[in-house]
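In case you want the letters, here they are:
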Amino acid sequence: MNVAKYADMFAAMGTEARLRIMQLLLSAHPEGLVVGEIQSELDIPNSTLSHHLDKLKSEGLVSVRRESTFLRYTANTLVLQELLQFLYAECCTRNKAVKPQEIIQLCK
């Protein structure tokens, strides 16, 4: 199973700054944001932001593409969906620890 892979993804999101980056990129989906936009929105120093983005990218949680002199980051929703499916399979299908309807209501 891919438990170690998922653990690494959760660890990558395990800081307040990285969670805020993920929330911001999800709110800007599918266009994403360039680094300067992320920096100005979250007020994270450039070198620190670069480190956080690299960590998220290394775990496949964000994608980056170059646009001229800018780097545009987007949330990798396919990987996030896979991560959520991993949790869902354990908590909502096998032992019903969480009712699927409760999760869906939270997303509305």
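Residues numbered from 1 in each chain as written. Predicted model: local features only at pLDDT ≥ 70, side-chain atom pairs only at ≥ 80, totals over all residues. Heavy atoms only, no water.

A.B. asks: What is the right way to read the overall build of the protein chain from this model?
C.D. replies: Secondary structure assignment for the protein chain yields six helices and three strands. Ordered by position from the N terminus, the helices and strands of the protein chain form the series α-α-β-α-α-β-β-α-α. Going through the 108 residues of the protein chain one by one, you find that 33% of them count as buried. Here the contacts in the protein chain between residues at least 6 apart in sequence split such that 52% fall between residues at least 24 apart. Within the structure as shown, the protein chain displays about 7,100 Å² of accessible surface, and the carbon and sulfur contribution to it stands at 56%. (Helix = DSSP H or I, 4+ residues; strand = E, 2+ residues; numbered from the N terminus. Buried < 20%, exposed > 50% of the residue type's maximum accessible area, 1.4 Å probe, protein only. Contact = heavy atoms within 4.5 Å. Areas by Shrake-Rupley, 256 points an atom, 1.4 Å probe, with all protein chains shown as cover.)

A.B. asks: So what exactly am I meant to see when it comes to the packing of aromatic side chains here?
C.D. replies: The description of an aromatic ring pair rests on the distance of the ring centres and on the angle between the ring planes. Evaluated as defined, the whole model comprises one aromatic pair. Ring centres of Tyr6 and Phe86 lie 4.4 Å apart, and the angle between their planes is 25 degrees; this geometry places the pair in the stacked category. Here the residue Tyr6 occupies a position in helix α1 (residues 3-12), and Phe86 occupies one in helix α5 (residues 77-94), the gap between them amounting to 80 residues. (Phe/Tyr/Trp six-rings, centres within 6.5 Å; stacked < 30°, edge-to-face > 60°.)

A.B. asks: Sorry, what's going on with the pattern of salt bridges here?
C.D. replies: Any two side chains of opposite charge can pair, given that their charged atoms come close. A complete count under the given rule lists four salt bridges for this structure. The shortest N-O distance in the salt bridge between Lys5 and Glu82 comes to 2.6 Å. On the criterion of sequence distance, the pair formed by Lys5 in helix α1 and Glu82 in helix α5 is long-range, its members being 77 residues apart. The class for Lys5 is partly exposed, based on a relative accessible area of 33%. Among the ionic contacts, a cluster of salt bridges with common partners joins Arg65, Glu67 and Arg72. (Salt bridge = Lys/Arg side-chain N within 4 Å of Asp/Glu carboxyl O.)

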